[in-house]
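One-letter residues, chain by chain:
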Amino acid sequence: MKKILWGIVPVCVLLIGCHRTSKYENLRDQPLPVEIEIVGECARQVTNTYVGEITAKTEIPLSFPFGGQLSSLQVKSGQKVHEGQVIATVDNTQAKAMLESAEALLSQAEDGYERLKPVHEKGGVSDVKWVEMETNLQKARSMAISARKRYEDCTLRAPQTGVVNLNQIEVGQQLMIGQQIGALLDMSGKKATFTVPESEIGHILHGDKLTVTLPALGQTFKAKIDEKSLISTRLAHTYRVTAELENSAAAKDLLPGMVCRAVVTNHLAIGYVISAGCVQTQQTGHSVWVLRNGRAERAMIKIADFVENGVLVSEGITAGDTVISKGYQKMFHGARVVF
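Quantities reported herein were computed from a predicted structural model and do not represent experimental measurements.

Rules behind the numbers
Residues numbered from 1 in each chain as written. Predicted model: local features only at pLDDT ≥ 70, side-chain atom pairs only at ≥ 80, totals over all residues. Heavy atoms only, no water. Helix = DSSP H or I, 4+ residues; strand = E, 2+ residues; numbered from the N terminus. Buried < 20%, exposed > 50% of the residue type's maximum accessible area, 1.4 Å probe, protein only. Contact = heavy atoms within 4.5 Å. Areas by Shrake-Rupley, 256 points an atom, 1.4 Å probe, with all protein chains shown as cover. Core = buried A, V, L, I, M, F, W, Y, C linked by side-chain atoms within 4.5 Å. Polar contact = N/O pair within 3.5 Å; in protein donor to acceptor, adjacent residues only side chain to side chain. Salt bridge = Lys/Arg side-chain N within 4 Å of Asp/Glu carboxyl O. Axes fitted to C-alpha atoms, helices over the stretch in contact; angles between N-to-C directions. Parallel < 35°, antiparallel > 145°, perpendicular 65-115°, else oblique. Left-handed = near helix turned anticlockwise from the far one by under 90°. Nonpolar A, V, L, I, M, F, W, Y, C, P; charged D, E, K, R; others polar. Pairing = 2+ DSSP bridges.

(A) Structural detail: the overall build of the protein chain. Counting its secondary structure elements, the protein chain contains three helices and 20 strands. Residues counted as buried form 33% of the 339 residues belonging to the protein chain. Across the protein chain, contacts joining residues at least 24 apart in sequence account for 73% of those joining residues at least 6 apart. When the accessible surface of the protein chain is split by element, carbon and sulfur atoms take 54% of a total near 21200 Å².

Here's what the structure looks like:
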């Protein structure tokens, strides 16, 4: 009896295993509903969008070279000034005393020079003494020039015509050497400044055309790449790019600091365009599911760039391939599909 039972058990196990395997194969072979795309080769203009801000045509920092106590402010923020107009002054008491002392020494040196000159011409003074007199005179002149420059630097004047933008400063405040009190903006032209990743900076060239949109104003302007930096930022590894806006009557309403969106169409890319939704990210890179011989296969791809209608693929697929665009969440190698 025991021998009979031991003979029946393996048969039952075998039958159960066969039943489960058959059921699994039936489920595996059931077609999965998907949507597909047919890959076609094409060339696309690559368009990149960057966020930046509006800046003035030029921005000149305003500061006192030697610092000092701020004694007066002659202008207000937003005020237009002309070249040479006084913007602010610092206390010049010490600088004035130094100038008067230097001018007195210069006057003394010039008087001694004029008195000794005829004596030297008659041979009454040695050449060594005369050279010493000339040296002292030159030193006095240099000291007077330096003292006058120091005195004049106590008055800050506009280096050119523009609009003043002052920082938060008050009369009586002690300014450090070179401390910036504001900036002089040239508002005759406007620029858009934005940063570009190092992977894209090579496609941006001087003179490239672009459009600049101001979301706050709902306005769009044409612009041209005017400048790009050669050194990237240490942390973000981005490069600063400046584009000059074309002269427009509406451009006068733009103010420095306004947020803008720069759209650059700068180079032609050739490859295979597919929807971004087809692409999955793997540990080893990007991939898509393709149909080959009626079955699903995973294909590793290389993305060349992002374009208007999706991504541009340079490797991994070819023209005529069928790519699964939707329904790949439960996909596996060798799966049958229906579309």
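(B) The nonpolar core, seen in detail. Counting residues in hydrophobic clusters, the biggest one holds 22 residues, and the most contacted among them are Ile54, Phe194, Leu210, Val212 and Leu245. When residues of this core are traced back to their parent elements, those giving at least two are β3 (41-63), β10 (180-197), β11 (209-214), β12 (219-228), β13 (238-245) and β14 (259-274). What Val212 contacts, discounting residues up to four positions off in sequence, is Ile54, Ala192, Gln219, Thr220, Phe221, Ala223, Leu245, Cys260 and Arg261. Grouped together as the second largest cluster of nonpolar side chains are 18 residues, Leu70, Val81, Ala95 and Leu166 included.

(C) Summary view of the side chain of Thr213. Here Thr213 lies in strand β11. Here the side chain of Thr213 touches Thr220 through a polar contact of 3.2 Å, side chain to side chain. In this structure, Thr213 is in contact with Gln219, Thr220, Val259, Cys260 and Arg261, ignoring residues within four places of it in sequence.

(D) Region of the structure containing the pattern of salt bridges. Scanning the entire structure with this criterion turns up six salt bridges. Measuring nitrogen to oxygen at the nearest pair gives 2.6 Å for the salt bridge that ties Arg148 to Glu103. Of this pair, Arg148 sits in helix α3 (residues 127-152) while Glu103 sits in helix α2 (residues 93-121), placing them 45 residues apart in sequence. You can call Arg148 partly exposed: its relative accessible area is 36%. Ionic pairing is found between Asp321 and Arg292, a salt bridge with its closest N-O pair at 4.0 Å. With Asp321 in the loop between β18 (310-315) and β19 (322-326) and Arg292 in strand β16 (residues 285-292), this residue pair connects regions lying 29 residues apart in the sequence.

(E) Structural detail: the packing of α2 against α3. Look at α2 against α3: their axes get within 8 Å of each other, and the N-to-C directions meet at 155 degrees. By the angle between their directions, the pair α2 and α3 is classed as roughly antiparallel. In the crossing of α2 with α3, the sense of the turn from one axis to the other is left-handed. Considered class by class, the residues forming the contact of α2 with α3 number 17 nonpolar, three polar and nine charged.

(F) Summary view of the pairing of strand β8 (residues 162-166). Here strand β5 (residues 80-81) runs beside β8; their pairing, made up of two bridges, is antiparallel. Across the sheet, residue Val81 finds its bridge partner in β8, namely Gly162. When β8 meets β10, the two strands line up antiparallel, connected through four bridges. In the strand pairing of β10, Leu166 is matched with Gly182.

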